[in-house]
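Remarks on the overall topology
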Amino acid sequence: MALAMPNNKVAMLLVLCLFLIISSESRQLGTGNGKPSCDAVYAVQPDDSCTSVISDFGLDSDNFFSINPNINCDAIFVDQWLCIEGSA
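Residues numbered from 1 in each chain as written. Predicted model: local features only at pLDDT ≥ 70, side-chain atom pairs only at ≥ 80, totals over all residues. Heavy atoms only, no water.

1. Section: the overall build of the protein
Stated formally: In DSSP terms, a helix is any run of H or I states spanning at least four residues, a strand is any run of E spanning at least two, and both are numbered starting from the N terminus. Exposed residues in this analysis have more than 50% of their type's maximum accessible area, buried residues have under 20%, and partly exposed residues fall in between, with area computed by a 1.4 Å probe over protein chains only. In what follows, residue pairs with any heavy atoms lying within 4.5 Å of each other are defined as contacts. The protein chains shown are the only cover counted for residues, whose accessible areas, like all others here, come from Shrake-Rupley with a 1.4 Å probe.
Helix and strand counts for the protein come out as three helices and two strands. Each helix and strand of the protein, ordered N terminal to C terminal, gives the series α-β-α-α-β. Relative to its 88 residues, the protein shows a buried fraction of 22%. Summarising the internal contacts of the protein: among those between residues at least 6 apart in sequence, 62% fall at separations of at least 24. Here the protein has roughly 6700 Å² of accessible surface; of this, 58% comes from carbon and sulfur atoms.

Shown next as structure tokens:
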């Protein structure tokens with residue numbers, strides 16, 4: 001009978017099932033590939049800062065930084081492309 005398995009085998013089977021459920025759910029979140037998707041860009045102008053771009057375009061700062069993952073706000077430069085619309 002399958003229910004007569006020792007406790008450690010049952011526990012291992014339950015852990016494996018839980019792992020598979022969590023793994024399949026996590027693949028369905030976000031864009032699925034772990035990379036941000038950019039739908040619109042903006043070229044930095046003189047005197048722009050991350051804060052001003054976030055404010056000017058009415059962006060959420062968490063979203064801005066997730067769609068611009070490698071940005072260094074202390075070193076943005078004129079004509080640098082910033083993603084202003086997208087998902088991560």
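2. Regarding unusual backbone geometry
Phi is positive for D47, which is not a glycine, with a value near 75°. For D47, the position within the fold is in the loop between β1 (37-43) and α2 (50-56). The phi angle at D79 is positive, at roughly 75°, despite the residue not being glycine.

3. A short note on the state of the cysteines
Where we set the bar: In plain terms, two cysteine sulfur atoms within 2.5 Å form what is called a disulfide here.
Tallied over the entire structure, the rule returns two disulfides. At a sulfur-sulfur separation of 2.2 Å, the disulfide partner of C38 is C83. Taking the sign of the S-S torsion, 115° for the link of C38 and C83, the bridge is right-handed. Here C38 is found in strand β1, whereas its partner C83 is found in strand β2 (residues 81-87), with 45 residues between them in sequence. On the basis of relative accessibility, which here comes to 5%, the residue C83 falls in the buried class.

Scope: geometric values only; no functional claims are made or implied.
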